[in-house]
Amino acid sequence: EQSTVPFVVAFDTLLSGPFKTFLDKSNSIGGDVAIMAKMVETAFRTQRAFLITAAKSTKPTEDQLPKVLEATGKQIQAVIGFRESHRTSPQVNHLSAMSESISGLSWVAVVPTPSQYCREMMNASVFYTNRVLKEFREKDKTHVEWVSAWTGVFSELSDYIKQYHTTGVTWNPRGGDPMDNLRDAPPTGGAPPPPPGGIPPPPPMVKLTPKSIEADPTSQLFSDLNKGLDITSKLKKVPDEQKTHKNPSLREGPKPIVKNGTPQAKGPSAPVPKAPRIQLEGKKWFVEYQKDNNNIVVSPTSMEHSVYIYKCENSVIQVKNKINSIILDSCKKTAVVFDSLVSALEIVNCQSCKAQVLNTVPTIAIEKTDGCMVYLSPNSLAVEIVSAKSTEMNILLPTESGEFTEQAVPEQFKTLIVDGRLVTTCTEKAGN
């Protein structure tokens, strides 16, 4: 249904612009990503139908509101349910990113700051979009562009809400009853129409007749074997010019030895060093290929920003203010110092790295890392630490005197079978 109401027209602009870019990138990736993106499209079109209802209706009563929002809620749950049933998908990080953010469409039930709620839901997916970037940044730019497109959709949606629905959904004070104006979302696809002339008739039945077996192949085989050396008498000799070989060069015979030697084959060339950079792209800071640099400062930053530190060596990075998340990936002898994080600190594929939090951090994830020291602050003692496939992990806890006490994260475990169940505990050696 067409509409000239400004906030419906603006929503159509979002669908035909940023959302269409996201949909195109999802279709390029294909698989479960394309399937789930189609479900997300249905959710957004359901929200458009809701906005048309709002443009024609007065504000619903408390009893009417759940019914008015029911369609949007069902589409959100459908997207979340798809991710839950496809956790073993190789594209699970893409699915999780969409699933974590799709609840942002619930802004229609939030007052008085729906725009802020939508932006928080966008930030909830950063953990998974970072994983997508980490996996495909050096492999396939389409996935990197997909992440940018997905975050762009909710960034634009948040700005749209802030402009047209600042404190809540804008209803029509002169409109009709919202229950009379409910609209369903238009279908986003369907089965192709049948071919003209109806369904073609089935092909004619073929009469099957069994073939007679003239002789038993097994008895024929034993008969040939009993001939002994005479079994080869029927074989024909192949002329030399008709002989072939998988490697024709072997028919040429041995080559003469060169006294002066032959030039050695070139080995794999050394990787070309890439230029270091510190750059903000959208809402993500990239700190890459830094070496022997102890004066790196990431600023200015905000709570919407995340920092991705990649292949740095012998360097120190300081991150100012409270941001969303930090990833330390494939670094050696590198340290990061930060104030506070909304989401998590991830340390992946690193060697001999350090991290220090000055205020708060909710989660620290350490994976495939050899040698890691994390300095906590008094305000961050409630942190959750998750580790996998890592060694020499140490957490330094602050004391009242201002010093730190070092505690090792267990690396070895003991598993026993108790009452038919596996019970796993840290070994004493690993805990010391």
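Residues numbered from 1 in each chain as written. Predicted model: local features only at pLDDT ≥ 70, side-chain atom pairs only at ≥ 80, totals over all residues. Heavy atoms only, no water.

Threshold: UniProt positions are given in the numbering used here, feature names are shortened, and annotations may be inferred rather than shown by experiment.
An unreviewed UniProt entry annotates the protein as Adenylyl cyclase-associated protein 1-like originating from Hirondellea gigas. Per UniProt, the comment on the protein under Subcellular location (unreviewed entry) is "Cell membrane". Heading Sequence similarities (unreviewed entry) of the UniProt record for the protein holds this comment: "Belongs to the CAP family."

## Description of the nonpolar core
Rules: Note on terminology: a nonpolar core comprises buried Ala, Val, Leu, Ile, Met, Phe, Trp, Tyr and Cys residues joined through side-chain atoms within 4.5 Å. Note on classification: 1.4 Å probe, protein chains only; a residue is buried when its accessible area is under 20% of the maximum for its type, exposed when over 50%, partly exposed between these limits. Numbering of helices and strands starts at the N terminus; helices are DSSP runs of H or I of at least 4 residues and strands are runs of E of at least 2. Residue contacts are counted whenever heavy atoms from the two residues lie within 4.5 Å of one another.
Counting 50 residues, the largest nonpolar core has Phe-19, Phe-22, Val-40, Phe-44, Met-98, Leu-157 and Tyr-160 as its most contacted members. Taken together, the elements giving at least two residues each to this core come down to helix H1 (6–29), helix H2 (31–56), helix H3 (65–84), helix H4 (92–101), helix H5 (114–123), helix H6 (126–136) and helix H7 (141–164). The greatest single-element share of this core, amounting to eleven residues, is contributed by H2. Contacts of Phe-22, omitting those with residues within four sequence positions, involve Ala-37, Val-40, Met-98, Trp-146, Ala-149, Trp-150 and Val-153. Counting 32 residues, the second largest nonpolar core, distinct from the first, contains Ile-296, Val-307, Ile-317 and Val-336.

## A few points about unusual backbone geometry
The linkage connecting Val-111 with the following residue, Pro-112, adopts the cis geometry, with an omega of 0°. Relative to the helices and strands, Pro-112 resides in the loop between H4 and H5. Residue Pro-300 follows Ser-299 across a cis peptide bond; omega there is 0°. Phi at Lys-311 takes a positive value of approximately 50°, unusual for a residue other than glycine. Note on placement: Lys-311 falls in the loop between strand S4 (306–310) and strand S5 (316–323). Residue Lys-368 is not a glycine yet carries a positive backbone phi of 50°. Mapped onto the elements of the fold, Lys-368 is located in the loop between strand S10 (363–367) and strand S11 (370–375). Under the relative-accessibility criterion, Lys-368 is labelled partly exposed at 41%.

## A look at the sheet that holds S10
Heads up, the condition is: Whether two strands pair comes down to DSSP finding at least two bridges between them. Axis geometry follows a simple rule: fit a line to the C-alpha atoms, using only the stretch in contact for helices, then measure angles between N-to-C directions, giving values from 0 to 180 degrees.
One open sheet accounts for seven strands, arranged S1-S2-S4-S6-S8-S10-S12; its pairing is mixed. Edge positions in the sheet fall to strand S1 (277–281) and strand S12 (384–388), since each of these pairs with one other strand and no more. For this sheet the average axis-to-axis angle between neighbouring strands, irrespective of direction, equals 10°. As paired strands, strand S2 (residues 284–288) and S4 are joined by five bridges and run parallel to one another. Directly across from Trp-285, in S4, lies its bridge partner Val-307. Packed on one face of the sheet, H6 meets S2, S4, strand S6 (325–329), strand S8 (344–348) and S10 and runs near 20° to S8.

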